[in-house]
Amino acid sequence: MQGRGAPRGARGSSVSGRGRGGPQGPQPTMDKPKREAILDLSKYVNERIRVKFTGGREVTGVLKGYDQLLNLVLDEVEEQLSGGFDNPRIHMSHLSHYTEPSPRTRTLGLVVLRGPTITLLSPVDGFEEIANPFMAQE
């Protein structure tokens, strides 16, 4: 069956001799710009930051390092321990006489924080509440 295309095994080969895959496969171009991270954390290195996690935990510490997955290395870390309101075992009806305690902290020291669990990251210095820009003005 001649004339029905290339012989078996020769399909898709190129003149340069590069076939599919292997070390001779498609080469990345060197002029392609490197993909940048969505957050630039370099300005917060050696600065105190606040980190909140899924599940409600919150820590503050000095940012020492990070990677593209948002894994963080923090030093001098303190975890802010919440009162009984966040404890799912305590029902609000049992708290009628409960007064919210002053915030407690737990010293953790040097820690590695897993990026996918982080929900909020903010500097401690200059942290202030602002008006909601999405609320209708009266």
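Since this is a predicted model, take the numbers as computed values, not measurements.

## Describing the overall build of the chain
So, point 1. On a plain count of helices and strands, the chain comes out with zero helices and five strands.
So, point 2. Secondary structure elements in the chain, listed N-terminal to C-terminal, are β-β-β-β-β.
So, point 3. Within the chain, the fraction of its 138 residues that count as buried is 17%.
So, point 4. Pairs at least 24 apart in sequence give 52% of the contacts found in the chain among residues at least 6 apart.
So, point 5. If you sum the accessible surface of the chain, you get close to 12,100 Å²; carbon and sulfur atoms cover 52% of it.

## What about the nonpolar core?
So, point 1. With twelve residues, the main nonpolar core is built from Leu41, Ile49, Val51, Phe53, Val59, Leu63, Leu72, Leu74, Val77, Val111, Leu113 and Ile118.
So, point 2. Among the elements of the structure, strand S1 (48–53), strand S2 (58–66), strand S3 (72–81) and strand S4 (104–113) are those that each provide at least two residues to this core.
So, point 3. Once residues within four sequence positions are removed from consideration, isoleucine 118 is found in contact with Val51, Lys52, Phe53, Leu70, Leu72 and Leu113.

## Observations concerning the side chain of glutamate 79
So, point 1. In this fold, glutamate 79 is placed in strand S3.
So, point 2. One polar contact links glutamate 79 to arginine 106, side chain to side chain, over a distance of 2.4 Å.
So, point 3. Setting aside anything within four residues of it in sequence, one finds glutamate 79 in contact with Arg57, Glu58, Val59, Arg104, Thr105, Arg106 and Leu108.

## Examining the sheet that holds S3
Two modes of strand pairing occur in sheets, parallel and antiparallel, and in both the strands are linked by backbone hydrogen bonds.
So, point 1. Within the open sheet, the five strands sit side by side as S4-S3-S2-S1-S5. Their pairing is antiparallel. The sheet terminates laterally at S4 and strand S5 (118–123), the two strands that pair on one side only. Pairwise comparison of adjacent strand axes, ignoring direction, gives a mean angle of 25° for this sheet.
So, point 2. When S2 meets S3, the two strands line up antiparallel, connected through seven bridges. Each bridged residue has a counterpart across the sheet, and for valine 62 the counterpart in S3 is aspartate 75.

Cut-offs and rules
Residues numbered from 1 in each chain as written. Predicted model: local features only at pLDDT ≥ 70, side-chain atom pairs only at ≥ 80, totals over all residues. Heavy atoms only, no water. Helix = DSSP H or I, 4+ residues; strand = E, 2+ residues; numbered from the N terminus. Buried < 20%, exposed > 50% of the residue type's maximum accessible area, 1.4 Å probe, protein only. Contact = heavy atoms within 4.5 Å. Areas by Shrake-Rupley, 256 points an atom, 1.4 Å probe, with all protein chains shown as cover. Core = buried A, V, L, I, M, F, W, Y, C linked by side-chain atoms within 4.5 Å. Polar contact = N/O pair within 3.5 Å; in protein donor to acceptor, adjacent residues only side chain to side chain. Pairing = 2+ DSSP bridges. Axes fitted to C-alpha atoms, helices over the stretch in contact; angles between N-to-C directions.

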